[in-house]
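# Working through the structure, step by step
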Amino acid sequence: MTTQLDRFFFAMSDPTRRAMVERLTGGPATVSELAAPHDMALPSFMRHLKMLEDTGIVQSVKKGRVRTCHIEPAPMIAAQGWLAWQRAVWEGRNDRLAALAEQQEVPDG
């Protein structure tokens, strides 16, 4: 699980890849449609796409000369679960710290 999360967060650390994922949350897109807003050569763009495919975030299907990409939710669901767990841990710690601070307050007088 840790390796999958590491790969997910590494893939999502790049703004180009995040933009691709954001675009694909609206529905499937061809590689040309995904690449259009990015100012880079197609081979460079394809390396970003390959990273997303290798981590399982995106899948693509080729029909004839057109490659269409779509999002795969499983890696995001796993990351969301991990983030929710971390949030619960830290909220619990903050709650305990706040309770301790309240116990330690000195009355005005």
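For the structure given in this document, a descriptive report is provided here. Note that the structure is a prediction, hence the values are computed from the model and not measured. (Residues numbered from 1 in each chain as written. Predicted model: local features only at pLDDT ≥ 70, side-chain atom pairs only at ≥ 80, totals over all residues. Heavy atoms only, no water.)

Once that is clear, we can look at the overall build of the protein. Along its length, the protein carries five helices and three strands. Taken over C-alpha atoms, the radius of gyration comes to 21 Å for the protein, far larger than the 13 Å a tight globule of 109 residues would show. When the backbone C-alpha atoms are referred to their principal axes, the protein occupies close to 80 × 30 × 25 Å. Across the 109 residues that make up the protein, the buried fraction comes to 28%. Pairs at least 24 residues apart make up 52% of the contacts formed inside the protein by residues separated by at least 6 positions. (Helix = DSSP H or I, 4+ residues; strand = E, 2+ residues; numbered from the N terminus. Rg over C-alpha atoms; globule rule 2.2 N^0.38 Å. Buried < 20%, exposed > 50% of the residue type's maximum accessible area, 1.4 Å probe, protein only. Contact = heavy atoms within 4.5 Å.)

Note that A78 resides in helix α5 (residues 73–104). Remark: the alpha-carbon pair of A78 and F8, spanning 70 residues in sequence, is separated by 9.3 Å.

Attention now moves to the pattern of salt bridges. Working definition: two side chains of opposite charge can pair if their charged atoms are close together. Under the defined criterion, the tally for this structure stands at two salt bridges. D54 is paired through a salt bridge with K50; the nearest N and O atoms lie 2.9 Å apart. Here the residue D54 and the residue K50 both occupy positions in helix α4 (residues 42–54), the gap between them amounting to four residues, near one helical turn. A residue is classified by how much of its surface remains accessible, and K50, at 47% relative accessible area, is partly exposed. As a salt-bridge pair, R87 and E91 come within 2.8 Å of each other at their nearest N and O atoms. Taken together, the residues span about one helical turn, with R87 and E91 both in helix α5 at a distance of four residues. Taking relative accessible area as the criterion, R87 reaches 57% and is therefore assigned exposed. Taking relative accessible area as the criterion, E91 reaches 38% and is therefore assigned partly exposed. (Salt bridge = Lys/Arg side-chain N within 4 Å of Asp/Glu carboxyl O.)

Before going further, it helps to spend a moment on the layout of surface pockets. Sizing a probe to match a water molecule and rolling it over the atoms shows the empty space that remains. One number sums up the size of the largest pocket: a volume of about 160 Å³. Forming the boundary of the largest pocket are T30, V31, S32, L42, M46, K62, R65, V66 and R67. For the lining of the largest pocket, the elements supplying multiple residues, two or more each, are α3 (31–35), α4 and β3 (66–71). Grouping the amino acids of the lining of the largest pocket by side-chain chemistry returns four nonpolar, two polar and three charged. (1 Å grid on protein atoms, 1.4 Å probe; cavity = no way out; pocket = protein on both sides within 12 Å on 5 of 7 lines; lining within 4 Å. Points joined across faces, edges and corners; volume = space filled by probe spheres on them. Nonpolar A, V, L, I, M, F, W, Y, C, P; charged D, E, K, R; others polar.)

Core analysis: the biggest nonpolar cluster contains 18 residues, and L34, L52, I57, V58 and C69 have the highest contact counts within it. Listing elements by their share of this core, those giving two or more residues are α1 (2–11), α2 (15–24), α3 and α4. Leave out the neighbours within four places in its chain, and V58 touches L24, L49, L52, E53, C69, H70, I71 and E72. (Core = buried A, V, L, I, M, F, W, Y, C linked by side-chain atoms within 4.5 Å.)

Strand order across the open sheet formed by three strands is β1-β3-β2, with antiparallel pairing between neighbours. Bordering the open sheet on either side are β1 (29–30) and β2 (58–63), each of which pairs with just one other strand. Each of β2 and β3 is contacted by α4, which is oriented at about 115 degrees to β2, the strand it contacts most. (Pairing = 2+ DSSP bridges. Axes fitted to C-alpha atoms, helices over the stretch in contact; angles between N-to-C directions.)

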